[in-house]
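# Structural characterization, general
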Amino acid sequence: MKYIKPFISEIPWKYSWYYSAMSLFESQSENRQSGEPERCLQANNREFNTLFGYPNNTIKTSKYNVLNFLPLNLFEQFQRLANAYFLILLFLQLIPQISSLAWYTTVIPLMVVLSITAVKDAIDDLKRHQNDNQVNNRSVLVLTNGRMKEDKWMNIQVGDIVKVENNQSVTADMLLLSSSEPYSLTYIETAELDGETNLKVKQAISVTSDMENNLKLLSAFDGEVRCESPNNKLDKFAGILTYKGKNYILDHDKLLLRGCVIRNTDWCYGLVIYTGPDTKLMQNCGKSTFKRTHIDHLMNVLVLWIFLFLGSMCFILAVGHGIWENKKGYYFQNFLPWKEYVSSSVVSAILMFWSYFIILNTVVPISLYVSVEIIRLGNSYYINWDRKMFYAPKNTPAQARTTTLNEELGQVKYVFSDKTGTLTQNIMIFKKCSINGTLYGDVYDKNGQRVEVSEKTEKVDFSYNKLADPKFSFYDKTLVEAVKRGDGRVHLFFLSLSLCHTVMSEEKVEGELVYQAQSPDEGALVTAARNFGFAFRSRTSETITVVEMGETKVYQLLAILDFDNVRKRMSVIVRTPEDRVMLFCKGADTIVCQLLHPSCRSLGDVTMEHLDDFAIEGLRTLMVAYRELDNAFFQAWSKKHSEACLSLEDRENKISNVSEEIEKDLMLLGATAIEDKLQDGVLETIITLNKAKIKMWTLTGDKQETAVNIAHACNIFEDEMDEIFIVEGKDDETIWQELRSARAKMKPESLLESDPVNSYLTMKPKMPFKIPEEVPNGNYGLVINGYSLAYALEGNLELELLRTACMCKAVICCRMTPLQKAQVVELVKRYKKVVTLAIGDGANDVSMIKAAHIGIGISGQEGMQAMLNSDYAFCQFHYLRRLLLVHGRWSYNRMCKFLSYFFYKNFVFTLVHFWYAFFSGFSAQTVYDTWFITFYNLVYTSLPVLGLSLFDQDVNETWSLRFPELYEPGQHNLYFNKKEFIALETTYWTMISHFFIWGSLGFYFCVLFFLYSDGLCLMFPNVFQFLGVARNILKLPQLWLSLVLSVVLCMLPVIGYQFLKPLFWPVSVDKVIDRIHHCMRHPLPPPIRTKVKHASSRRSAYAFSHKQGFGALITSGKTMKGKPKKSSLLKK
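First, a word on scope: everything that follows refers to the structure included in this document. Model, not experiment: these values are computed from the prediction.

### Quick word on the packing of helix α18 (residues 631-646) against helix α19 (residues 651-662)
Direction vectors running N to C along α18 and α19 enclose 170 degrees, while the axes themselves pass 8 Å from each other. Taken together, the axis directions place α18 and α19 in an arrangement best described as roughly antiparallel. Note on element contacts: α19 touches α18 through R651, K654, I655, V658, S659, E661 and I662, opposite F633, F634, W637, K640, H641, A644 and C645. Residue composition of the contact of α18 with α19, grouped by class: eight nonpolar, two polar and four charged.

### A closer look at unusual backbone geometry
With a phi angle near 55 degrees, N436 is a residue other than glycine that sits in the positive phi range. Topologically, N436 is positioned in the loop between β16 (424-435) and β17 (438-440). A positive phi angle, near 55 degrees, is found at K568, a position not held by glycine. Inspection of the secondary structure puts K568 in the loop between β24 (551-561) and β25 (569-575).

### Some details on the nonpolar core
Grouped together as the largest cluster of nonpolar side chains are 58 residues, with contacts concentrated most on L479, F494, L499, F532 and F584. The greatest single-element share of this core, amounting to seven residues, is contributed by helix α14 (residues 488-499). If we skip the residues at most four places from it in the chain, F584 touches L492, L495, S496, L499, C500, M570, S571, V572, V574, A625 and Y626. Residues V142, L193, Y243 and I262 belong to the second largest nonpolar core, which totals 55 residues.

### Some points on the side chain of T402
Structurally, the position occupied by T402 is in the loop between β14 (399-400) and β15 (412-417). The exposure class assigned to T402 is buried, which follows from its relative accessible area of 7%. At 3.1 Å, the side chain of T402 and the side chain of T404 are in polar contact.

### Quick look at the sheet that holds strand β13 (residues 267-274)
One open sheet holds the six strands; their spatial order is β3-β2-β4-β13-β5-β11, and the pairing between them is antiparallel. At either margin of the open sheet sits one strand with a lone partner, and together these are β3 (147-152) and β11 (255-256). Note: strand β5 (residues 173-179) against β11, two bridges, orientation antiparallel. In the sheet register, L175 faces β11, and the bridge partner there is L255.

### Topic: the sheet that holds strand β8 (residues 224-228)
Strand order across the open sheet formed by four strands is β1-β8-β9-β10, with antiparallel pairing between neighbours. Only two strands of the sheet have a single neighbouring strand rather than two, namely β1 (38-42) and β10 (246-250). Between one strand and the next, the sheet's axes are offset by a mean angle of 20 degrees, whatever the strand orientation. Strand direction decides the pairing type here: β8 and strand β9 (residues 239-243), joined by four bridges, are antiparallel. Following the sheet pairing, E224 is matched in β9 by T242.

### Here we look at the environment of K328
Along the polypeptide, K328 turns up in the loop between α10 (294-327) and α11 (345-359). By relative accessible area, K328 is classed as exposed at 54%.

### Observations regarding helix α21 (residues 704-713)
Since the α-helix packs 3.6 residues into each turn, any two residues three or four apart lie on the same face. Taking burial as the measure, the 10 residues of α21 include nine buried ones, the bulk of the element. Taken together, the buried positions of α21 are E705, T706, A707, V708, N709, I710, A711, H712 and A713. N715, located one to two residues past α21, shows a positive phi value of around 70 degrees.

Scoring rules and cut-offs
Residues numbered from 1 in each chain as written. Predicted model: local features only at pLDDT ≥ 70, side-chain atom pairs only at ≥ 80, totals over all residues. Heavy atoms only, no water. Axes fitted to C-alpha atoms, helices over the stretch in contact; angles between N-to-C directions. Helix = DSSP H or I, 4+ residues; strand = E, 2+ residues; numbered from the N terminus. Parallel < 35°, antiparallel > 145°, perpendicular 65-115°, else oblique. Contact = heavy atoms within 4.5 Å. Nonpolar A, V, L, I, M, F, W, Y, C, P; charged D, E, K, R; others polar. Core = buried A, V, L, I, M, F, W, Y, C linked by side-chain atoms within 4.5 Å. Buried < 20%, exposed > 50% of the residue type's maximum accessible area, 1.4 Å probe, protein only. Polar contact = N/O pair within 3.5 Å; in protein donor to acceptor, adjacent residues only side chain to side chain. Pairing = 2+ DSSP bridges.

Okay, here's the thing in structure tokens:
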């Protein structure tokens, strides 16, 4: 149908869209198997867009629906070998020639097991459905038949025009058409996408911005968009809008992505491009996978071994039966005749093999998985009920959203954490400053002694300032006193902060200022200046209005020299009301100190000492300076600057060179110190995790400098580290050299061909293989950005990256896309074969949360997406310490003891049958009566092991947290593996434990006397055939002697092993337990709580946004509320 295209213009429009759609639809169908080549859509034309089969705006995080639940859930459950085994066993029992037990003895337990697990899975998935429905049923305004109509998110389709208002989330990925702001600018916050809360700006193309909110024009808009197919690239978009015969280029700056929040913009209209699963947010979410623990995999292996063991026993007994029948049974047929289908002893032996396969089935305990689920459920409730993980400000408890991963919490080796909102509160606080050589921010008592700021510390009273922000807190009164007494340098310092920025101001209510900053640092500085009496109130393209100590002053804005990653500073040039031309500059101290006038040398030395003090406390610092300019000099410079801005070649370098001409001989005013406030307990938690030998990797979408600052502040990067490697190459070869260079310093022999890992890799082992742990010769850190990571994750470099990164104690990956986060987690999972945990709070963390063995969502500032896709959820990062070291370790220990005991008791029970076969002619007779077999697993032996598995504690929570080294055995799976096989051991006796142990034993005797009572035997002689047996047997002293001897002989090896093991084969945990016992006998005095210092000599420099600021936008005049008339636009 390609011939249609040249004639489209001749066809009436109401038909032409149909033919063009069919043409494109056929060409797309030809390439469907290679993915959607490009997307074509038309505004306000659902009939046209429906032809392409685009999905609606529904999202789905659940695994099941009504139709696929039963087959999919059964498929997952029968991946457990024990369940598959009992299904095979059921079919065997239907064969009368070999069945020695009734078929329902297998069907009923199997149905119970499958039903309990299915109900649990259904409940878990129902919660996901409810969360999906909550999102899908949000309301949005959509343009329908010329008017705005409220509809649900899930009903939005490609090509619809929707209206989004201030502080609302964007419904789908949509092309910005118009907004309430001048030139259709729209300010957005992208925290759910990239973790950044700083403001970003989008702008509609001029042809659609003129439609504003005119519903008639918007309804008539029939532009056609051709763009790239759905993908996960958050910062890329390419397309063409065809409207009224003209083509308009579309790029990423015109696209509003689902998950963004509209800020500082009353309303905006958008044309929906991608919906539901096609949105970039959902493309980065990854797929839901069925997570199974390492112990689950190990249980399957052990069950397979047990199958082989069972087959061996059946084979031995079948051979024994064949020999017995051949030598004795054949001649004994007058008393024990063969069945008609038995023609020889060989046939009888074959049938007996399958009979024993049924009789000895108890060696593979079907109740194992039900018991495991009960234990996991109980331990999940402990997490939900833990009041020490309850966050009172939000009235939110910790939540175990799955019950299948509890013991995995006790085996974590790698933690992958987001930064913004996870480690930090995403709140910048103006903490201290240095002005003219005087440090402000410390608090002293009456004796002149410095005191720590606490909740009881009295705050500075800003009531004298009507424009003060009531949420701003400061504690040093001397700074306010300096402001009030008119200290010229202090006034100039805060005036600089109120002028040198690109913050937008909004004042909907008189006196209530709302700042929208492109970086939270800028917002904190401008807010500080506002509270100390220099309130930035408004701006135009040519002026800045500041309220100085109650007096409104208007400054003429002459130029903004904006921030970028090379300059690491920004400057503004203003003309004061007194007609003075002033340049104000702020930036990284390493840059600004080089631009200072020689007369500032002594002041600079004092200020640098203060900066060192700020760095020790982990604060983010920058220097503030100014310069008064001669009017003639400025006019000459302004001409050069204008020429550089209009240059078509090498514009950026020319502007930079011109800027350097005026940004020199600066007079130092001082420095600021901002706290990127960490969440409570983050520092202590990371120190504890390090002691537990858990490696911490930070995966963030933020820029490198900010991420490294936080890593130092929260002790991920320690000052004692020998070196921190930075990988920032832009091609394969450079990155390969950087990685190998780092590895050469950490472990030079790792580059030799004789190195064991290299030797192993040269053999090209089959996937999946495990890369052994490599120990470096020191303490190192690694920093790598997303651009370099894109190359490093390729096949030929990923092993180099992994080996280098895993040698480091901590790794920071910055400027990452959500998909890259998942790829890093998958890389470690694939080659290290250890338990991984991912923790985050935004939608950009969902992919890594799903990829990791354990995903944790934090209910934070960035929406609910992370929590909805997580396995566990809570409100504070420091709860992770308790989740792993207390609940995780207990769950792992309990599960290991349970499994060891469970396999042990079933082997004991089954091997009696094996031994009895030698005394019964290998005839597949049971040694126990039916009721004992029925109650053995159900009652007699279930309660003690459940009590152990739900309540046992080797040490209490206090010791678990004080000695993180206790966590190490779980990482190496020392307590339950292919070599360990221990019996029952209870280390924490409670009343419930005593009740379960002794109560179970007492219950056994009660049931015994009841089942063998005279009454039952007389009433049901065919069922209860052992009249008086219990009464007579229990009178014999030989029985009691046998019981005592059996218990003692069974326990002696275990007790002896546990006594000798710490003496001859001690492990680190044994030494820790000894220390705990010593501390319990000789209590130590309570530790003196001291403030943890960030002993960092490193300066955390200018932590502004990684992108260009709003400078060019401000000076262009596009932020003015009053739009210029069209005539003025034409003149331009």
